[in-house]
Amino acid sequence: DAAMWCGQCDESLAHVNIALALDPNDHGMFLTIRGYALWMVGEHRGAQAAFASAITRNPAYLWPYTGLAAIHYELGDVRSAQNSAATACSLNRRVSLSFVRNVLPFRVAAHRERIPAACEAAGMRSDEVAMSDAAV
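Given the structure is predicted, the values throughout are model-derived calculations rather than measurements. (Residues numbered from 1 in each chain as written. Predicted model: local features only at pLDDT ≥ 70, side-chain atom pairs only at ≥ 80, totals over all residues. Heavy atoms only, no water.)

(A) The arrangement of helix H5 (residues 63-74) in detail. The first and last C-alpha atoms of H5 sit 17 Å apart over 12 residues, in line with the 16 Å expected at 1.5 Å per residue. Taking burial as the measure, the 12 residues of H5 include 10 buried ones, the bulk of the element. Where H5 is buried, its residues touch helix H3 (29-40), helix H4 (44-57), helix H6 (78-91), helix H7 (97-103) and helix H8 (109-121). Gly76, located one to two residues past H5, shows a positive phi value of around 85 degrees. (Helix = DSSP H or I, 4+ residues; strand = E, 2+ residues; numbered from the N terminus. Expected span 1.5 Å × (residues − 1). Buried < 20%, exposed > 50% of the residue type's maximum accessible area, 1.4 Å probe, protein only. Contact = heavy atoms within 4.5 Å.)

Here is the structure:
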């Protein structure tokens with residue numbers, strides 16, 4: 001994932017292919033990295049398929065939902081973007097626009113700007129839910 005965060009998508013995809021060959025049951029993590037790398041290079045349909053596969057393997061892993069929110073938004077499907085963002089937020093109280101803006105380590109400025117823009121358009125909440133407000 002370090003290569004992906006740095007915008008070295010070809011290298012990241014090569015490593016993901018090796019990782020999946022070594023551990024085909026990746027619990028959705030390698031496929032999520034593949035999804036983000038493909039999204040960064042503009043391969044929306046491939047990224048969408050990778051995120052969907054990640055969710056099938058691990059429906060409780062929130063990061064493919066955030067990636068799908070960006071893809072759906074960029075493809076003009078706002079309702080699906082909203083559903084994906086809402087699911088990501090329901091899986092972890094910390095997921096919010098402030099978290100996406102301040103924590104995700106995209107090195108390339110354009111990528112850092114695309115994710116929060118898509119999440120904001122999808123209606124993602126501004127800040128994390130406080131522990132006192134979180135459902136117990």
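(B) Local environment of the packing of helix H2 (residues 9-22) against H3. Where H2 meets H3, the closest approach of the two axes is 9 Å, and the angle between their N-to-C directions is 155 degrees. Compared by their axis directions, H2 and H3 come out roughly antiparallel. As for how H2 packs across H3, the hand of that crossing is left-handed. Touching Cys9, Ser12, Leu13, Val16, Asn17, Ala19 and Leu20 of H2 are Phe30, Leu31, Ile33, Arg34, Ala37, Leu38 and Met40, all from H3. Here the contact of H2 with H3 is composed, by residue class, of 11 nonpolar, two polar and one charged. (Axes fitted to C-alpha atoms, helices over the stretch in contact; angles between N-to-C directions. Parallel < 35°, antiparallel > 145°, perpendicular 65-115°, else oblique. Left-handed = near helix turned anticlockwise from the far one by under 90°. Nonpolar A, V, L, I, M, F, W, Y, C, P; charged D, E, K, R; others polar.)

(C) Highlighting H8. With 13 residues, H8 should cover 18 Å at 1.5 Å per step; its first-to-last C-alpha distance of 19 Å lies within 8% of that length. Within H8 the residues assigned to the buried category are His111, Ile115, Pro116, Ala118 and Cys119. Down the axis of H8, the smallest arc covering the buried residues is 160 degrees, so these residues share one side. Next to the buried residues of H8 lie H3, H5 and H7. A positive phi of about 85 degrees marks Gly123, the residue just after H8. (Arc of directions from axis to C-beta.)

(D) Structural view of the pattern of salt bridges. Applying the stated criterion across every chain, the model contains five salt bridges. We note a salt bridge from Glu74 to Arg114, for which the minimum N-O separation is 2.7 Å. Linking Glu74 in helix H5 with Arg114 in helix H8, this pair joins segments that are 40 residues apart in sequence. Glu74 gets classed as partly exposed once you look at its relative accessible area, which sits at 29%. Residue Glu128 is joined to Arg93 by a salt bridge in which the shortest nitrogen-to-oxygen separation is 2.7 Å. Placement of the pair is Glu128 in the segment after H8 and Arg93 in the loop between H6 and H7, with a sequence separation of 35 residues. Residue Glu128 is classed as partly exposed on the basis of its relative accessible area of 35%. Its relative accessible area of 27% is what places Arg93 among the partly exposed residues. (Salt bridge = Lys/Arg side-chain N within 4 Å of Asp/Glu carboxyl O.)

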